Amino acid sequence: MKAIRRFTVRTVLPEQLQPLHELALNLRWSWHPETRDLFRSVDPDVWAATGEDPVRLLGEVPAARLAALAVDRRFLRRLGDLADDLRDYLAGPRWYQGAEQTGAGPLPEAVAYFSPEYGIAAALPQYSGGLGILAGDHLKAASDLGVPIIGVGLFYRHGYFRQSLDRDGWQQERYPLLDPDELAVSLLREGDGTPCRVDLALPAGRTLAAHIWKAQVGRVPLLLLDSDIEANSAAERDVTDRLYGGGSEHRLLQEMLLGIGGVRAVRTYCRLTGHPAPEVFHTNEGHAGFLGVERIRELVADRGCDLDFAAALESVRAGTLFTTHTPVPAGIDRFDRELVARHFGGDAALPGVPVEQVLALGAETWRGGDGKLFNMAAMGLRLAQRANGVSTLHGEVSRSMFNGLWPGFDAADVPITSVTNGVHAATWIDPAVVRLGAAEIGTDRAESAMTTGDAKRWTGLERIGNTEIWELRRSLRAQLVDEARRRLRTSWRQRGAGDAELGWVSSVLDPDVLTIGFARRVPSYKRLTLMLRDQQRLRALLLDPARPVQIVVAGKAHPADDGGKRLIQQMIAFADDPAVRHRIVFLPDYDMAMAQHLYPGCDVWLNNPLRPLEACGTSGMKAALNGCLNLSVLDGWWDEWYDGQNGWAIPTADGTGGPLDPDSREAERRDDIEAAALYDLIEHQVAARFYDRGADGLPHRWIAMVRHTLVTLGPKVLAGRMVREYVERLYAPAALAQRELAAAGPGEAQAGGPATAPHAGARELAAWKAKVREAWPAVRVEHVEAECPDEAQELGSSLALRVQVALGALDPGDVEVQVVSGRVDESDGISDACLLALKPVGGSDLDGRTRYEGSLELCRTGPFGYTVRVLPAHPRLASPAELGLVALPAESAGMDAGLLR
């Protein structure tokens, strides 16, 4: 019989054990080994049965065991010490509290970080893949560093799906219901005890309401909005039912609740707790882009500000950062323009925010754009004064992909920078690796090294002996073998096999065989089945009698992606073959718990996306932290940090000139070429080096690569390094810009004394931009001349340049006239450009023309060229390209180019 209602009955802890609740409800336990060990000691069997979840553990441990622990002096002493340690961690100063203020002024008092998913721990399944894991690592690293971040997301009652397989290897999805009472979350309540609530107006007089759950991630509060409440109708209750589910309107409502409702949740949290209000809002991908629209509404509706839309937009932009994670337009959320208009117009309109202005923010105005669609990434970029990709290569890809938002500019000038992702070391490094490092450099220094990303603190790891490294790698491999066998047996039982059929599982994999791991989402561009291109060649590698290879594979396809499911089915069909199934396994239900065994246990981490479609690829970073070597296409972070000694680069067939569409015929040809290169690398370099043993039985060259990886990649791949970059390069300048635009300035005179008006800088900047946009059509480069007596110039000489510029209604102070110079190709395209600002000479003539002069130094040899451009200039612009306006010489104006010797 089925129950008609479900609820959780909580254990009543003895008074002496009350600190266990405090420890369980702070998710720091998920990356703090000593706290995890304490919970394990409460009842090892229940700990394992509950998936190593402290909240569930405390709900299921027998009362007799709790009574025994309540009088166990040793346990109580450990409990008291860990409770004190947590309080010190939460209250004591960290890196941020001791950091010197940057050139941008004082660091932000608070930062709000918005993401549609968070991978904090397997016990809080609110993530699907890399975006969520990155967001979780961002919060954890911010906590360790003391960065005052407030996380904002949605609470999905069904999370992401759990994956299993049918007998034929076809992916099956199930969505277990999550009970908040069984999770490390608490309901945010008003002073009178009633649940806090945010409301969004919907068309036809409907309302979308949500409660706010708070998860405590170390020092960082994570606010999760939940629409499954009685105040909503059935349709609205389902808005937060599952991650990335439903149709277009369902997704739009999720993103409205995340952005608009998220801002309101932050305001509620700060009001109740006294937490400083965020000065910076960080949008992790476009899903939360509507947060900027809500913040504009706040300013326009605030009678004390009295701002119009344009000035409010400038104020909001100044304090907003947008991070893009996708390298392809297909990865961007786009909605029907009429659907968005319906939800932001009429009785659903945000007061003071005209629907036409909202639609303009997401309009695809560039050549080739679709005027019927609303683009969330375009809105995110228009609402943020600062933007970044997540690796150096992805920054380049993003500048090209979004070039249309800045017409007239080369992709290199598009104002999107990059901060390469990082991973949270304490979450992903196996404790055995930490102990080995701590034995050499000390526990305190090892902890600091994992937290801050300071490369100097990793010095000393190079002294770890070969024997110690090899014994560690073998033990980690053995742990993975045991875990893989357990999971494989469970999977086959779900597929309908009986125990009598599964005797072979006990001999699957070998702790002494070279182990390659491949685990990720399964869109076609990640090429799960590239290794199957030549199955005969793969079988030979797996079954080589002298140098065998074994492969552990995992991954989920989106429930609506039948193409991805077919790739999984193809992989399983190969792995089910009795001839090779002891050497290659597919483990279903890839999640954080599985990943924490995979990364340490593999010798090599394989990544073979279709370049350059991998934005970053942080799984390889987690593997590297455990001494696993990377075997990857030069994409994402690997393109940036591969050095020839920390792994292997899979050659790519970029020269074929094929399109990036992973399903195209040319991509098929590329797959054949790159698969052949992959087989060659595994056979002749990877396996050859792994099995090249010295007289002592150790693979010394392999171990040298492991040691080099730990010492050189360790500090680079850390989320601590990443968050410090965000603070110093983006959060601090954004906070300064926001303060400058929000500051008061002269206003209308009031009775009783001089008047000031808040957001004076925003008003002035908005007015200046309006003036420049109106006047820009009249701005022209009319004449360029240079003192250039010979076509061939000597290195070190200089050219005296004079440029005549028509400014129309603008003043010289409104623009900057630049010389762009550098190496030129056969079509006169300039690369490795250098910029020189020319100075105005005298005032403007009666026709609004101004002469600019300067001297261009010829500092490089070879084909060299220059051009001139005019850009808007204002001290509060974050980039000269911010307005998307540029004036270039007409072709007849002539660009002198010469060969230098």
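What comes next is a walk through the structure. These numbers come from a predicted model, not from an experiment.

### Some points on the overall build of the protein chain
(1) Moving on: Looking only at helices and strands, the protein chain has 29 helices and 30 strands in total.
(2) Moving on: In terms of C-alpha radius of gyration, the protein chain reaches 30 Å, essentially the compact-globule figure of 29 Å for 901 residues.
(3) Moving on: The principal-axis extent of the C-alpha atoms belonging to the protein chain is close to 95 × 70 × 50 Å.
(4) Moving on: Per-residue burial for the protein chain yields a buried fraction of 56% across its 901 residues.
(5) Moving on: For the protein chain, the share of sequence-separated contacts (at least 6 apart) that also reach a separation of at least 24 residues comes to 72%.
(6) Moving on: Accessible surface, the protein chain as shown: approximately 36300 Å² in total, 50% of it carbon and sulfur.
(7) Moving on: Placing the 98 positive and 120 negative side-chain charges of the protein chain at their respective mean positions leaves the two points 4 Å apart.

### Here we look at the sheet that holds strand β23 (residues 780-786)
(1) Moving on: One open sheet accounts for four strands, arranged β23-β24-β28-β27; its pairing is antiparallel. With one partner strand each, in any of the chains shown, β23 and β27 (839-841) form the two edges of the open sheet. Averaged over all neighbouring strand pairs, the angle between strand axes comes to 30°, with direction disregarded.

### A closer look at the side chain of His-424
(1) Moving on: For His-424, the location among the structural elements is in the loop between β14 (417-418) and α17 (425-428).
(2) Moving on: There is a polar contact of 2.7 Å between the side chain of His-424 and the side chain of Thr-427.
(3) Moving on: Beyond its immediate sequence surroundings of up to four residues, His-424 is in contact with Trp-31, Asp-137, Lys-140, Ala-141, Asp-144 and Ala-719.

### Digging into the pairing of strand β15 (residues 514-519)
(1) Moving on: With respect to burial, β15 is a largely interior element, six of its six residues being buried.
(2) Moving on: The parallel pair β15 and strand β16 (residues 549-554), bridged by helix α21 (residues 535-542), forms a crossover whose chirality is right-handed.
(3) Moving on: Judged from the two bridges that link them, β15 and strand β18 (residues 604-607) form a sheet pairing that is parallel. Looking across to β18, one finds that Gly-517 is bridged to Trp-605.

### A look at the pattern of salt bridges
(1) Moving on: Taken as a whole and assessed by the stated rule, the structure comprises 57 salt bridges.
(2) Moving on: A salt bridge links Arg-237 to Asp-228, with the shortest nitrogen-to-oxygen separation between them at 2.9 Å.
(3) Moving on: Residue class for Asp-228 comes out partly exposed when judged on its relative accessible area of 24%.
(4) Moving on: Overlapping salt bridges bring together Arg-157, Asp-226, Asp-228 and Arg-237 as one network.

### Details of helix α19 (residues 443-452)
(1) Moving on: Residues Ala-446, Ser-448, Ala-449, Met-450, Thr-451 and Thr-452 constitute the buried set of α19.
(2) Moving on: The inward-facing, buried residues of α19 abut α8 (130-145), α17, α18 (431-441) and α28 (719-742).
(3) Moving on: Just downstream of α19, Gly-453 is the residue with a positive phi angle, here 80°.

### Thoughts on the nonpolar core
(1) Moving on: Counting residues in hydrophobic clusters, the biggest one holds 108 residues, and the most contacted among them are Met-531, Leu-598, Leu-631 and Trp-702.
(2) Moving on: Among the elements that take part in this core, helix α20 (residues 466-494) stands out by supplying nine residues, more than any other.
(3) Moving on: Excluding residues within four positions of it along the chain, Trp-702 makes contact with Trp-470, Leu-514, Asp-603, Val-604, Leu-629, Trp-648, Val-686, Arg-689 and Phe-690.
(4) Moving on: Of all hydrophobic cores here, the second largest spans 68 residues; its members include Phe-39, Leu-107, Val-147 and Leu-224.

### Let's talk about the packing of aromatic side chains
(1) Moving on: All told, the structure shown has 20 aromatic pairs when counted by the stated rule.
(2) Moving on: Each ring, one from Trp-428 and one from Tyr-599, has its centre 5.6 Å from the other, and the planes form 75°; the classification is edge-to-face. Taken together, the positions of Trp-428 in helix α17 and Tyr-599 in helix α23 (residues 592-601) put the pair 171 residues apart, joining distant regions of the chain. In this structure, Trp-428 and Tyr-599 share a single accessibility class: buried.
(3) Moving on: On the basis of an interplanar angle of 85° and a centroid distance of 5.9 Å, the ring pair of Trp-492 and Trp-504 is categorised as edge-to-face. Of the two residues, Trp-492 is situated in helix α20 and Trp-504 in the loop between α20 and β15; the sequence distance between them amounts to 12 residues. Of the two residues examined, Trp-492 and Trp-504, each falls in the buried class.
(4) Moving on: Connected via pairs of aromatic rings, a cluster forms that spans Trp-470, Trp-648, Phe-690, Tyr-691 and Trp-702.

Cut-offs and rules
- Residues numbered from 1 in each chain as written.
- Predicted model: local features only at pLDDT ≥ 70, side-chain atom pairs only at ≥ 80, totals over all residues.
- Heavy atoms only, no water.
- Helix = DSSP H or I, 4+ residues; strand = E, 2+ residues; numbered from the N terminus.
- Rg over C-alpha atoms; globule rule 2.2 N^0.38 Å.
- Buried < 20%, exposed > 50% of the residue type's maximum accessible area, 1.4 Å probe, protein only.
- Contact = heavy atoms within 4.5 Å.
- Areas by Shrake-Rupley, 256 points an atom, 1.4 Å probe, with all protein chains shown as cover.
- Lys, Arg positive; Asp, Glu negative; His and termini not counted.
- Charge placed at Lys NZ, Arg CZ, Asp CG, Glu CD.
- Pairing = 2+ DSSP bridges.
- Axes fitted to C-alpha atoms, helices over the stretch in contact; angles between N-to-C directions.
- Polar contact = N/O pair within 3.5 Å; in protein donor to acceptor, adjacent residues only side chain to side chain.
- Right-handed = clockwise from strand over helix to strand, strands pointing away.
- Salt bridge = Lys/Arg side-chain N within 4 Å of Asp/Glu carboxyl O.
- Core = buried A, V, L, I, M, F, W, Y, C linked by side-chain atoms within 4.5 Å.
- Phe/Tyr/Trp six-rings, centres within 6.5 Å; stacked < 30°, edge-to-face > 60°.

Purely geometric stuff here, so don't read any function into it on its own.
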